[in-house]
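Chain and residue survey
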Amino acid sequence: MSDAVVRLSGLTRSFEQGGERIDVLRGIDLEIAPGEIVALLGPSGSGKSTMLQAVGLLEGGFGGSIAIAGTEASALPSDGRTRVRREHLGFVYQFHHLLPDFNAEENVILPQLVAGRGREEAAERARELLSALGLAQRLEHRPSQLSGGEQQRVAVARALANRPTLVLADEPTGNLDEHTADRVLEQFLALVRGEGSAALVATHNERLAAKMDRVLRLHEGLLE
Ligand SMILES: Nc1ncnc2c1ncn2[C@@H]1O[C@H](COP(=O)(O)OP(=O)(O)OP(=O)(O)O)[C@@H](O)[C@H]1O
């Protein structure tokens, strides 16, 4: 697959802990196609976050190769990794990490301004995404004035604002009750599909994973 949005070959990561070496990732091979939505399942401690950090080019220390949208990124210097991240990746975490002093619309506008988009266009895009997520009446609310599910939906809009090739989501609904988690995940999947982005979504929830296009299982440092 030459147009893969992610290609991992022999990805490894080990940590030293108390003088002992733990091999968390032991040679992961993976390709994700454009627009494909992939669940990454595994129990706590199996290495899901570590793998997302590798694909997100957020940390060094990995062995093997990480290519994002055809660019071999693992060997790039930090500014090159930042550029690939800005051009191609969007992130959603378990906790929203929204800026507390800015309202919902501004939180979705800001990453677009950083990417060089004009304010008017950025505001229009923010309203489009937030409306698609049912938040048209919440544009001027600050994060503390939103429910947990609403906060996560703003975080989803922010992640998609710059039309990423790939969205990386680490337990995006892990902080929500089951009913809210289901609704937010449905909206997340529908929006990502509509936008044509690919996604890699870490979860330990089999039921939520089953709603995605493909399910990967991380076990003892390898994908099953
Ligand atoms: N910086 C670090 N230093 C030492 N060990 C680490 C570090 N980061 C992760 N680990 C270890 O790597 C293993 C995998 O952690 P990781 O957070 O990737 O798992 P996870 O599958 O995302 O778990 P969870 O579902 O609980 O978030 C764990 O044993 C963890 O203790």
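Just so it is clear, the structure is predicted and the values come from calculations on it, not from any experiment. (Residues numbered from 1 in each chain as written. Predicted model: local features only at pLDDT ≥ 70, side-chain atom pairs only at ≥ 80, totals over all residues.)

1. Thoughts on the environment of Arg119
On the secondary structure map, Arg119 appears in helix H4 (residues 119-132). Classification of Arg119 by C-beta neighbours within 10 Å gives exposed; the count is 10. In sequence terms Arg119 and Glu16 are 103 residues apart; their C-alpha atoms lie 46 Å from each other. (Helix = DSSP H or I, 4+ residues; strand = E, 2+ residues; numbered from the N terminus. Buried ≥ 20, exposed ≤ 12 C-beta atoms within 10 Å, placed from the backbone.)

2. A look at the nonpolar core
Leu40, Ala157, Ala199 and Leu200 are the most contacted members of the largest nonpolar core, which has 62 residues in total. Of all the elements, helix H5 (residues 148-160) adds the most residues to this core, at 6 residues. Discounting chain neighbours no more than four positions away, the residues touching Ala199 are Ile37, Val38, Leu166, Val167, Ala169 and Val192. (Core = buried A, V, L, I, M, F, W, Y, C linked by C-beta atoms within 7 Å. Contact = placed C-beta atoms within 7 Å.)

3. Structural notes on the sheet that holds strand S2 (residues 20-32)
Taken in spatial order, the 4 strands make up an open sheet running S2-S1-S4-S5, and their pairing is antiparallel. Since the sheet does not close on itself, it has two edges, and those belong to S2 and strand S5 (71-72), each with one partner. In terms of strand pairing, strand S1 (residues 6-17) meets strand S4 (residues 63-68) through 5 bridges, oriented antiparallel. Opposite Leu8, over in S4, you have Ile66 as the bridge partner. (Pairing = 2+ DSSP bridges.)

4. As for the UniProt feature "domain: ABC transporter" (unreviewed entry) in the chain
In the numbering used here, UniProt assigns the feature "domain: ABC transporter" (unreviewed entry) to residues 6-224. Counting secondary structure, residues 6-224 comes out at 36% helix and 28% strand; the distance between its end C-alpha atoms is 18 Å. (UniProt positions renumbered as here; feature names shortened; annotations may be inferred.)

5. Let's talk about the pairing of strand S3 (residues 37-41)
Two faces make up the sheet, and in a regular strand the side chains alternate between them. Of all the 5 residues making up S3, 5 are buried; the element is thus mostly covered by neighbouring parts of the structure. Burial of S3 is two-sided: the residues Ile37, Ala39 and Leu41 facing one way and the residues Val38 and Leu40 facing the other way are all buried. Pairing of S3 with strand S9 (residues 214-219) involves 4 bridges; the strand directions are parallel. Bridged to Ala39 within S9 is Val215.

6. Overview of the confidence of the model for the chain
Taken over all residues, the pLDDT of the chain has a mean of 94, while the share at 70 or more is 99%. Complex prediction metrics read pTM 0.94 and ipTM 0.94. (pLDDT = per-residue confidence, 0-100.)

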